[in-house]
Amino acid sequence: MTDPAATQARDAWGTRAGFILAAVGSAVGLGNMWRFSYVAAEGGGAAFVLLYLVLVAIIGIPLMTSELIVGRMSQESPVVAVKRLGGPAWAPLGWLFVFCGFGILAYYSVIAGWTMRYAFDALRGGLPTDAGAYFQSVASGWPAIASHLLFMAITVAIVVFGVKRGLERAALILMPVLFLILVGLAVWAASLPGGGAGYAYYLRPQLGELLDPNIIRLAAGQAFFSLSLGMGALMTYASYLRSKENLAKEATIVALADFGVAFVAGLVIFPIIFNFGLETTIGLGREISDNTVGTLFIALPTGLQSLGSLGDIVVAAFFIMLFFAALTSAISLLEVVVSAVIDGWGWRRRSASLLFGFLIALGGIPAAINIDFLGAADAFVGNFLLIVGGFFTAILVGYRLIGPADAELARGMDNARARAVWAGFVRYVAPILLLVVLYFMMPTAWQAFITIVTLGRG
Ligand code: TRP
């Protein structure tokens, strides 16, 4: 066996800001930009937003802290780390992480490919008048495969350059631009005359919805996906940390930034939808699961068409922002797989990124051909398996590793009482709530699994 450490020095972040922006870049992605606002509106508006924030606080932040702890403590890829720290019985958890990274990136890249295509066509002189037909034509089949492959190529090109020159530099450039575009769009959306009804729909407090047991499933699934939890993505990022920062504080910053972006994205989307009377186009009022991932891609361009060239600019800005958000998330998904191959098998970064990027690109082709396959992969891998991974991460850190984990957290956080609060959430609150969530997720997960198997065969 080759000792990877002997053949190549392990990557590391250049600055704390670089690490935080990259972690926020991982979290902020397609999940924030429209899925959050959509789920929130359907799930009870302001009441849902509060429930979501509570879940982020009591499960999201403690679990993210746990992932960061394991990463910094091990200085290794999660796959190697969970086996070495937890013992051989924990090795399957590491494989689950890599499987999720592979599986999510495969379909995520397809959606990201659509955003690229939209941005490109909008810049080239506007999108075609019939946005529905346009979406049909670019979102599946050869055009979708082509943009998916291009997006994967860009992702691989960044990951090849490594943590400091690839991941960190991409985040330092893309994230500020993303924030500027988002704020610009929110200000513009506030000027729409019919926007008030959109804010009202988005934020109306509907307590009744919260009594539906499915709401906790939706909120938890959304929180895990949006915060990049449950598959070692932020664990991998923290394994490139050398300094003694307070990991609970870093987790809080990342989680709040992620929530902030999701919330503001809703303040862009809903005024547009209501100002242009698109409520029925996108099927508001139906079950969320009825809606395909494509709705926003149809509604937004349709609405903005009436604005002429100003509309083209807004559409271009929106999809460029989505593309940037997707890119910094895709990088983190690929990095989980690549770091496992570098640290576990001693491969060079370049060969690991090229080969596994290529395999993931191939793995995404079924999702590029069939949107139903894409939706099922999202429900099964992007929702259910993440919760499974998060549950076992909580058990690993909260029980098997609690002593060393507490010591690692203490390096940047000397308040013992605060650490005890963290431990309580990881040991009791998170596992119990996640079991409840898993229970409610069973039917949809099973359904999605069947869809994957049947469509995969056909
Ligand atoms: N959080 C990203 C989003 O909201 C997607 C993502 C990136 C992700 N890395 C992840 C999801 C790791 C789960 C796990 O779009």
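Residues numbered from 1 in each chain as written. Predicted model: local features only at pLDDT ≥ 70, side-chain atom pairs only at ≥ 80, totals over all residues. Heavy atoms only, no water.

Asker: An account of the site of the ligand is requested, with residue identities and associated values reported.
Answerer: By nearness alone, 17 residues border the ligand, and A27, L30, G31, Y108 and F225 come closest of all. Between the ligand and Y108 there is a distance of 2.5 Å, counted from an oxygen atom to a side-chain nitrogen or oxygen. Alone, the ligand offers 360 Å² of accessible surface; in the complex the protein occludes 100% of this. Looking at the shell around the ligand, the elements that each hand over two or more residues are α2 (16–27), α3 (30–43), α11 (214–226) and α15 (309–345). Of the residues contributing to the shell around the ligand, the split by class is nine nonpolar, eight polar and no charged. (Near = heavy atom within 4 Å. Polar contact = N/O pair within 3.5 Å; in protein donor to acceptor, adjacent residues only side chain to side chain. Areas by Shrake-Rupley, 256 points an atom, 1.4 Å probe, with all protein chains shown as cover. Helix = DSSP H or I, 4+ residues; strand = E, 2+ residues; numbered from the N terminus. Nonpolar A, V, L, I, M, F, W, Y, C, P; charged D, E, K, R; others polar.)

Asker: Tell me about the nonpolar core, and please be specific about residues and values.
Answerer: Residues W13, M33, I104, W114, M231, F318 and F319 are the most contacted members of the largest nonpolar core, which totals 174 residues. Among the elements that take part in this core, α15 stands out by supplying 21 residues, more than any other. (Core = buried A, V, L, I, M, F, W, Y, C linked by side-chain atoms within 4.5 Å. Buried < 20%, exposed > 50% of the residue type's maximum accessible area, 1.4 Å probe, protein only.)

Asker: A description of the environment of I111 should follow, citing residues and the corresponding values.
Answerer: For I111, the position within the fold is in helix α6 (residues 91–123). For I111, a relative accessible area of 9% gives the class buried. Once the C-alpha coordinates of I111 and A46 are considered, the two residues, 65 residues apart in sequence, prove to be 28 Å apart.

Asker: With reference to specific residues and values, describe the environment of F97.
Answerer: Residue position: F97 is located in helix α6. As a C-alpha pair, F97 and I269 span 172 residues in sequence and 32 Å in three-dimensional space. Sequence-distant contacts of F97, that is, excluding residues within four places in its chain, are made with P78, V82, G230, M231, G232, M235, V336, G389 and T393. (Contact = heavy atoms within 4.5 Å.)

Asker: Mind laying out the packing of aromatic side chains, listing which residues take part and the relevant values?
Answerer: Counted under the stated rule, the structure contains 31 aromatic pairs. Among the aromatic side chains, those forming a connected cluster through ring pairs are F36, F48, Y52, Y201, Y202, F259, F263, F270 and F274. The ring of Y201 has R204 sitting right over it, with the charged end atom 4.4 Å from the ring centre. (Phe/Tyr/Trp six-rings, centres within 6.5 Å; stacked < 30°, edge-to-face > 60°. Lys NZ or Arg CZ within 6 Å of the ring centre and 35° of its normal.)

Asker: Help me get a handle on the side chain of S226, residues and values and all.
Answerer: By secondary structure assignment, the location of S226 is in helix α11. By relative accessible area, S226 is classed as buried at 0%. Only 2.7 Å separates the side chain of S226 from the side chain of D258, close enough to count as a polar contact.

Asker: I'd like a rundown of the packing of α6 against helix α18 (residues 371–400), residues and numbers included.
Answerer: Between α6 and α18, the shortest axis-to-axis distance is 9 Å and the interhelical angle comes to 145°. In the crossing of α6 with α18, the sense of the turn from one axis to the other is left-handed. (Axes fitted to C-alpha atoms, helices over the stretch in contact; angles between N-to-C directions. Left-handed = near helix turned anticlockwise from the far one by under 90°.)

These figures come from the coordinates and say nothing about function on their own.
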